[in-house]
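# Secondary and tertiary structure notes
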Amino acid sequence: MPYPEKFTGLQVNGPDTWLEFNKNEFQPKPFGDYDVDVKIECCGVCGSDLHTISGGWGEQKFPLAVGHEIVGTAVRVGPKVTLIKEGQRVGVGAQSYACLDCRQCKNDNETYCRKQLDTYGAVWPDTGIVSQGGYSSHVRTHQHWVFPIPDSLPSTVAAPMLCAGLTAYSPLVRNGCGPGKKVGIVGLGGIGHMGVLFAKALGAEVWAISRTHAKEADARKLGADGFLATADKDWNVPHVMTFDLIVNTASSFDGFDLDAYLSLLDVHAKWVSVGLPEDDGIKIRNQTFLSNGCFFGSSHLGSRKETLEMLQLAADKGINTWVEEVPINEKNLADIMQRLHKNDVKYRFCLTNYQDQFGA
C-alpha cells in the first residue's frame, strides 16, 4: 500500500473550539469496487467550512475535517473503476455519493438525489463512518465524483471551481446564460467572482451587483461589463426589466430590498439564489412577482457532466480564479477562518504544502 490504512486530517472537535485544529488519524469508509483514493495536493476553503465548524449551520458530527474543493493524485482505484486512472491529477467537490439509479440521477441531476451524501460530515450507509473532507492527507470517493483536471489548469486555480465554481456555473448554463443575454451576479465573493468569470466566458453581458462601489474595480478586472451598487439612490431604475437572469451569491440578506432586485428582471426571467446565510433568509410576498411574472428559485452544486464541461471551459478560456495560497497547518487554518469570518479574502483561500503536513 502507498499509504496507511487510516488517513490523517486536521479536525475540529466542535463549535466551542472551532478555531482549534487537531491532527488526528481517522478511519475512511471501506474501500469499494468503484472507489478512488486521492492523495491531496491542495484544497480550497469554502464558506461552508466556516459555517459547519462554527455551528452556524446547526449540529454536526465531530470531530470533523472539512474541505470540499480538493485536487490531488489518484493513488488507488477500485477494480470496477473506468472513469479514472491511477496517477491522474483529479478533483473532488462537495458531493461524494448518490444512488445513480433514480430518476434524478439518470437525468444528470444526481446532485438532487434523495440519497446524496456530502464529501464531509455525512454518514456512509451501513458503516456509521462519518465522511471527512480535504483538510486531510487523502480522500476516498466514488469515481462518479472524481474529476480529471485539464493539464492547463493549475491545481490551486482548479480547486475552488469544484464547489464555488460549479455552484455558479450550473445555474448559469441551466438558465440560458450565453450570447445576447444580460446576466447579473449579486455578491462578489468566492462564488460571485466565479459567477462573473463563467458568465463572461459563456458569452453573456455581465453585470456585477454589490452593496457599494468598493469592489467595482475588481469586477471590471474579472470581466464585468457593468456594475451596480445598491447603496446608490435609485440604483435599479435605469435597468428595470432588462435582465434575463440574476444569480444571487450573497451570504447575508441584512437590508436586502428584494423588490428592487427582482424589478430588474424581464418578463418570466429568473432569479436563482445559491448563497446560504445562517439566518432565516429572505421573506417573500407574492405581490413581489406580479409586475414582471419573474421566477424565484435556487440551485445546488451541479452534475458530473456540468463539472467536466466547466473545467474544460476554464481550460479553453484560460479562466483564473482569484486565490490566496496558504500552507496548511493548525495556525494558518485558525488565521484564515477568522479572516473568512470577516470576509477578508479576495476571493478564495487555497490550502497548499500538503506534503509538509502529511508527508510525501
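Above this text you will find the structure in question.
Here is a short report on the structure shown in this document. Only a predicted model underlies this, so the values are computations on that prediction, with no experimental measurement involved.

A separate point is the state of the cysteines. The final tally for this structure, using the stated rule, is zero disulfides. We note that Cys46 lacks a disulfide partner, and the nearest cysteine sulfur, in Cys163, lies 3.9 Å from it. For Cys46, a relative accessible area of 5% translates into the label buried. In this structure Cys113 is a free cysteine whose sulfur lies 3.7 Å from that of Cys99, the closest cysteine sulfur available. Residue classification places Cys113 among the buried positions, given a relative accessible area of 4%.

Along strand β11 (residues 205-210), five of the six residues are buried, which leaves the element largely enclosed by surrounding structure. Both strand β10 (residues 182-186) and β11 contribute to a ladder of five bridges, which runs parallel. Note on β11: the bridge partner recorded for Val183 is Val206. On the question of chirality, the crossover connecting β10 to the parallel β11 by way of helix α5 (residues 190-201) is right-handed.

The side chains of a regular strand alternate between the sheet's two faces. Where strand β13 (residues 243-248) meets strand β14 (residues 265-273), five bridges bridge the pair, whose relative direction is parallel. By the bridge assignment for β14, Asn248 is matched with Ser273.

On to the nonpolar core, then. In terms of nonpolar packing, the biggest core is built from 55 residues, with Leu153, Met161, Leu172 and Phe198 touching the most fellow members. Per-element tally for this core: the top contributor is α5, with seven residues. Counting residues domain by domain, this core receives three or more from each of domain 1 (7-163 + 302-358) and domain 2 (165-298). Setting aside chain neighbours within four positions, we find Met161 in contact with Leu153, Leu166, Met194, Phe198, Met310, Leu311, Ala314, Ile319 and Thr321. One finds Val12, Val45, Leu333 and Met337 within the second-largest nonpolar core, a separate group that totals 34 residues.

For the bond from Phe62 to Pro63, the omega torsion is 0°, close enough to zero to count as cis. Along the chain, the position of Pro63 falls in the loop between α1 (47-53) and β4 (70-77). A cis amide bond links Lys346 to the next residue, Tyr347, at an omega of -15°. By the secondary structure assignment, Tyr347 is in the loop between α9 (330-341) and β17 (348-352). One non-glycine residue, Asn343, lies in the positive phi region at around 60°. By the element assignment, Asn343 lies in the loop between α9 and β17. Overall, Asn343 belongs to the exposed group, its relative accessible area being 63%. Of note, the phi angle at Asn353 is positive, near 55°, even though the residue is not glycine. With respect to the helices and strands, Asn353 occurs in the loop between β17 and α10 (354-358).

Regions of empty space are outlined by a rolling probe, equal in size to a water molecule, passed over the atoms. When its volume is computed, the second largest pocket comes out at roughly 220 Å³. Lys29, Pro30, Gly32, Asp33, Tyr34, Asp35, Tyr97, Trp124, Pro125, Thr127 and His142 are the residues that line the second largest pocket.

Turning to α9, a few remarks are in order. For α9, which comprises twelve residues, the first-to-last C-alpha distance of 17 Å matches the rise-based estimate of 16 Å (1.5 Å per residue) to within 8%. Every buried residue belonging to α9 is among Asn332, Leu333, Ala334, Ile336, Met337 and Leu340, and all of these are buried. Looking at the buried residues of α9, the elements they touch are β1 (7-11), β3 (35-45), α1, β16 (323-327) and β17. Where α9 starts, the residue carrying a side-chain oxygen 3.2 Å from the main-chain nitrogen of Lys331 turns out to be Asn329. Directly beyond the C-terminal end of α9, a positive phi value near 60° is found at Asn343.

A pair of packed helices is characterised by two quantities: the angle between their axes and the separation of those axes. Running from amino to carboxyl end, helix α4 (residues 164-174) crosses α5 at an angle of 50°, the nearest separation of the two axes being 8 Å. By the angle between their axes, α4 is oblique relative to α5. The two elements α4 and α5 meet at a crossing, and its hand is right-handed. Contacts between α4 and α5 involve Ala164, Gly165, Thr167, Ala168, Tyr169 and Leu172 from the former and Gly190, Ile191, Met194, Gly195, Phe198 and Ala199 from the latter. Looking at side-chain class alone, the contact of α4 with α5 contains eight nonpolar, four polar and no charged residues.

What counts, and where the lines are drawn
Residues numbered from 1 in each chain as written. Predicted model: local features only at pLDDT ≥ 70, side-chain atom pairs only at ≥ 80, totals over all residues. Heavy atoms only, no water. Disulfide = S-S within 2.5 Å. Buried < 20%, exposed > 50% of the residue type's maximum accessible area, 1.4 Å probe, protein only. Helix = DSSP H or I, 4+ residues; strand = E, 2+ residues; numbered from the N terminus. Pairing = 2+ DSSP bridges. Right-handed = clockwise from strand over helix to strand, strands pointing away. Core = buried A, V, L, I, M, F, W, Y, C linked by side-chain atoms within 4.5 Å. Domains from an automatic or database assignment. Contact = heavy atoms within 4.5 Å. 1 Å grid on protein atoms, 1.4 Å probe; cavity = no way out; pocket = protein on both sides within 12 Å on 5 of 7 lines; lining within 4 Å. Points joined across faces, edges and corners; volume = space filled by probe spheres on them. Expected span 1.5 Å × (residues − 1). Polar contact = N/O pair within 3.5 Å; in protein donor to acceptor, adjacent residues only side chain to side chain. Axes fitted to C-alpha atoms, helices over the stretch in contact; angles between N-to-C directions. Parallel < 35°, antiparallel > 145°, perpendicular 65-115°, else oblique. Left-handed = near helix turned anticlockwise from the far one by under 90°. Nonpolar A, V, L, I, M, F, W, Y, C, P; charged D, E, K, R; others polar.

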